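Topology and contacts: notes
Each chain is listed here by its residues.
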Amino acid sequence: MSDLAIRDLRKTYRTKGRPEVHAVRGFDLEVDSGELVGLLGPSGCGKSTTLRMIAGLEDATSGDIRVGSSSVVGLPPQRRNIGVAFENYALYPPLSVSENIAFGLRARGKGDRKKRVADVAHRIGLTDILDATPVGLSSGQKQRVALARAIVRRPDVLLLDEPLSHLDAGQRDTTRRELRHLQQELGYTTILVIHDQEEALSLADRVVVMNDGVVQQVGTPDEIYDDPMNLFVARFVGEPPMNLLDGAHQADGTVRLSTETRVAVGDVPDAVGPVVLGVRPEDVVLAGEADADVSGVVVVYENLLEHGLLTVELPGAEERIVAQTAPGLGLEPGREVSLALRRDRTYLFSAETGRRVR
Amino acid sequence: MSTTVTETADPSGSTAAGSDAAPARPRPELRSSRRKALAGSLANVSLAAYFAFSLIPIVFILALSLKSNADQTTTYLAFSPTFENYRTVLGIGDGGSSYVRFFLASLVTSVGAVLVSLAIGIPAAYAAARYRFRGSEDLLFTLLSFRFAPELAVIIPLSVIYQQLGLYDTFVGMIWVLQLVTMPLVVWILRSFFQDLPAELEEAALLDGYTRRQAFFKTVLPLVRPGIAAVSLLAFIFAWNNFIFPFTLTSSNAQTVTVSSLAFLGGNQVQFNLVAAGVVMAALPPLVLALFIQRYLVRGLSFGAVKS
Ligand SMILES: Nc1ncnc2c1ncn2[C@@H]1O[C@H](COP(=O)(O)OP(=O)(O)OP(=O)(O)O)[C@@H](O)[C@H]1O
Ligand SMILES: [Mg+2]
């Protein structure tokens, strides 16, 4: 178990006859020993490529990767001592589960093989299926075997590429908890690629949000959720997604969404001009006319079980605003409603750069 | 009989027809399942017809090989069978014949050709499956084109070249030229076997500390073993059955059994029955192997390793 430091890591795929692909463009990250970092981002943003470079399966175009105190750049995967659980499990069909787990120990000729396999199998809950072959296993079981195989030889760093993606909802929940428990108990420095942002936020110590090969923000789940640094993070994280309304910030401290609709946001130095106003649906509340920031006409009210989602058209504004309300309100379309935005949880982004200005 | 067929073919409820008033006309679904059954038996009949049809030349040649000289041109199926032709071809009681030698020559060239193709073709197929390099597609296509270029087109220059290089009528020459037949087969079929295996299998082995070579031999190769078996048998059959190359590039030393069987047509007496006996025996090895091959040609090798 060691800490991991990645500096300005880049990867450019050059294929003859095709345009270059800049899969990773300057990735910086420091992972403390024993920490679990979630890598979050849309499909094709370079998550797997980053993991593969850390593991040594892909040459980095430039940048540095340090495990513990020494750089591993240029070392072949055999000499990096990094464990990877692949998305497609990479289990070896002719071998039994226990042989699959032991496969990696055999390469390095480690003794006490049986004991270690049994120990890991016990921790991950595979004891019952040690003699089965991978073919008949469920995805969740295969996933766990892949995990067992990655950790049995006690790697310095553990990399997991979408370990939950093939599980159904129920399995996901339990596997996620097990995974977290195991990771904490064993103390592995772990990077976890994860598609589902809710899972990333609930599982990781810190989250890295990536887009288009570039790190957008690194922070604790709370920081990512409450303090998005730019439009991309604001849009990508959160379900239902944040309301993002185009407008213009005026010198009088309001954002003009349309000729009829203005929202007071207070003074923001140097932010006069086109902005995007962001507010999460849970921070938009139904209000009396006196306290209202905006008012509009109900487009649809969706009555979900735990809460309701109210979509409102603001006069003259292009985007509709969504409010998360109590369930069972029964608001008909066409009705006038007034909404208040929680001032301290309203964000302003520069429309030009996407960076947050307040 | 047709009712039992329709009842088992349609479990959706027509079996319970007894309680309903019996319909005057067959109900639509009954009619459609009856039509299905009819189509099924039609298919069976035509398959059987095709089977019989394709059996005709085999039965014919088998019968011919058992006919005496007198019977060979005058009878169809009513004759008194004799093994005399086989004895003659093999030279039994006659101090042996060259047929056995030609048979062995066939074995040596076919097995040799397959081994050479495997030795070169397995690494080639692996590389073609895993790496894109400059001209890799062109190379593969060129290889494939050997298969569909007519052999007759190259045979004259080839025989001239062989004469001059001293490869004419040698085993080395035969094994070499048979690569045109076996190599494309090996490379193309094995490439798809390799492609079916996820690269992560090897990568996981690398991470576990195996070298590239070990990873190949320990993970990939065992998994394509059924493919190698299948393609070897297939290549062997193609090499064995090849006629034009040994016909033009050998004379006695490395001549194969396919060509030598024709020798009985020469001389002053045309002995089709002897040719038949030679051909029947020559057809045995591919036939036996073909029976084995079916089992191996089943795909889905990497089953369980890949996400579905
Ligand atoms: N071998 C390769 N050659 C060329 N381009 C590649 C190669 N591998 C990946 N890419 C490209 O690099 C980019 C990043 O790919 P990567 O697999 O890292 O994305 P990802 O974030 O893991 O996506 P996903 O969530 O779908 O797994 C993609 O645009 C992809 O097409
Ligand atoms: Mg990926």
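Small disclaimer: the values here were computed from a predicted structure and weren't measured.

Concerning the overall build of chain A
Within chain A, the secondary structure is distributed over eight helices and 20 strands. A principal-axis box enclosing the C-alpha atoms of chain A has dimensions of 75 × 45 × 40 Å. The buried share of chain A, reckoned over its 358 residues, is 52%. Excluding contacts between residues fewer than 6 apart, the proportion of contacts in chain A whose partners are at least 24 apart in sequence is 65%. Accessible surface for chain A amounts to roughly 16,000 Å². Of this, 46% is attributable to carbon and sulfur atoms. Once the 42 positive and 52 negative side-chain charges of chain A are each reduced to a mean point, those two points are 11 Å apart.

Regarding the pairing of strand S8 (residues 189-194) of chain A
Residues and elements named next belong to chain A. Counting buried residues along S8, six of its six residues qualify, which places the element largely inside the surrounding structure. Residues Thr189, Ile191 and Val193 point to one face of S8 and Thr190, Leu192 and Ile194 to the other, with burial holding for every one of them. In this structure, strand S3 (residues 36-40) lies alongside S8, joined through five bridges in parallel fashion. For Leu40, the partnering residue across the bridge sits in S8 and is Ile194. Where strand S7 (residues 157-161) lies against S8, five bridges are found, and the strand directions are parallel. Bridging from a neighbouring strand, Val157 pairs with Thr189 of S8.

Some details on the environment of Phe292(B)
Residue and element names in this part refer to chain B. Along the polypeptide, Phe292 turns up in helix H12 (residues 272-296). The class for Phe292 is partly exposed, based on a relative accessible area of 46%. Spatially, the C-alpha atom of Phe292 lies 28 Å from that of Val172, the residues being 120 residues apart in sequence.

Considerations on the UniProt feature "transmembrane region" (unreviewed entry) in chain B
Residue and element names in this part refer to chain B. Here the UniProt-annotated "transmembrane region" (unreviewed entry) positions come out as residues 37-64, 102-127, 139-162, 174-194, 215-240 and 270-293. Here residues 174-194 runs as 100% helix and 0% strand, with 29 Å between its end C-alpha atoms. Taken end to end, residues 270-293 is 92% helix and 0% strand, and its first and last C-alpha atoms sit 36 Å apart.

Some words on the packing of helix H7 (residues 171-196) of chain B against helix H9 (residues 212-241) of chain B
What describes two packed helices is the angle between their axes and the distance between those same axes. Residues and elements named next belong to chain B. The N-to-C vectors of H7 and H9 enclose an angle of 145°; their axes lie 9 Å apart at closest approach. Considering how the two elements wind past one another, H7 and H9 form a crossing that is right-handed. Residues Leu178, Val181, Thr182, Leu185, Val186, Ile189, Leu190, Phe193 and Phe194 of H7 form the contact with H9, whose participating residues are Phe216, Val220, Val224, Gly227, Ile228, Val231, Leu234, Ala235, Phe238 and Ala239.

Focus on the site of ligand 1
Residues and elements named next belong to chain A. In the vicinity of ligand 1, the contacting residues are Tyr13, Val21, Ala23, Ser43, Gly44, Cys45, Gly46, Lys47, Ser48, Thr49, Glu162 and His195. Within the backbone of Gly44, an N or O atom sits 2.7 Å from an oxygen atom of ligand 1. A distance of 2.5 Å is found between an oxygen atom of ligand 1 and a side-chain nitrogen or oxygen belonging to Thr49. Calculation on ligand 1 without its partners gives an accessible area of 640 Å², and the protein chains cover 63% of this total. Those elements giving two or more residues to the shell around ligand 1 turn out to be strand S2 (21-31) and helix H1 (47-55). Considering every element that reaches the shell around ligand 1, the biggest residue donor is H1, with three residues. Residues of the shell around ligand 1, tallied by class, amount to four nonpolar, six polar and two charged.

A few points about the environment of Leu339(A)
Residue and element names in this part refer to chain A. By the secondary structure assignment, Leu339 is in strand S19 (residues 336-341). Sequence separation between Leu339 and Asp283 is 56 residues, and the spatial gap between their C-alpha atoms is 10.0 Å. When sequence neighbours within four positions are dropped, the list of residues in contact with Leu339 reads Val284, Val285, Leu286, Ala287, Ala292, Asp293, Val294, Leu310, Val312, Ile321 and Ala323.

Looking at the packing of aromatic side chains
Applying the stated criterion across every chain, the model contains 14 aromatic pairs over all chains. With a centroid separation of 6.0 Å and 50° between ring planes, the pair formed by Phe83(B) and Tyr86(B) is classed as tilted. Site record: aromatic cluster; members linked through ring pairs are Tyr99(B), Phe103(B), Phe236(B) and Trp240(B). Across the ring face of Tyr225(A), the terminal group of Arg280(A) is positioned such that the distance to the ring centre comes to 3.9 Å. Lying across the ring of Trp188(B), Arg191(B) places its NZ or CZ 5.2 Å from the centre.

Observations concerning the domain arrangement of chain A
All names here are of chain A. Each assigned domain of chain A is listed with its residue range as follows: domain 1 (4-235) and domain 2 (241-350). One C-alpha centre belongs to domain 1, the other to domain 2; they are set 39 Å apart. Counting residues at the interface gives nine residues for domain 1 and nine residues for domain 2. Contact between domain 1 and domain 2 buries roughly 760 Å² in total, counting both sides, with carbon and sulfur atoms accounting for 58%. At the boundary of domain 1 and domain 2, one finds one salt bridge. For Asp226, the salt bridge goes to Arg345, with nearest N and O atoms at 3.3 Å. Counting across the interface, domain 1 meets domain 2 through four residue pairs in polar contact (both at pLDDT 80 or more).

Quick notes on the rules
Residues numbered from 1 in each chain as written. Chains lettered and ligands numbered in written order. Predicted model: local features only at pLDDT ≥ 70, side-chain atom pairs only at ≥ 80, totals over all residues. Heavy atoms only, no water. Helix = DSSP H or I, 4+ residues; strand = E, 2+ residues; numbered from the N terminus. Buried < 20%, exposed > 50% of the residue type's maximum accessible area, 1.4 Å probe, protein only. Contact = heavy atoms within 4.5 Å. Areas by Shrake-Rupley, 256 points an atom, 1.4 Å probe, with all protein chains shown as cover. Lys, Arg positive; Asp, Glu negative; His and termini not counted. Charge placed at Lys NZ, Arg CZ, Asp CG, Glu CD. Pairing = 2+ DSSP bridges. UniProt positions renumbered as here; feature names shortened; annotations may be inferred. Axes fitted to C-alpha atoms, helices over the stretch in contact; angles between N-to-C directions. Left-handed = near helix turned anticlockwise from the far one by under 90°. Near = heavy atom within 4 Å. Polar contact = N/O pair within 3.5 Å; in protein donor to acceptor, adjacent residues only side chain to side chain. Nonpolar A, V, L, I, M, F, W, Y, C, P; charged D, E, K, R; others polar. Phe/Tyr/Trp six-rings, centres within 6.5 Å; stacked < 30°, edge-to-face > 60°. Lys NZ or Arg CZ within 6 Å of the ring centre and 35° of its normal. Domains from an automatic or database assignment. Buried area = accessible area lost by both parts, 1.4 Å probe. Salt bridge = Lys/Arg side-chain N within 4 Å of Asp/Glu carboxyl O.

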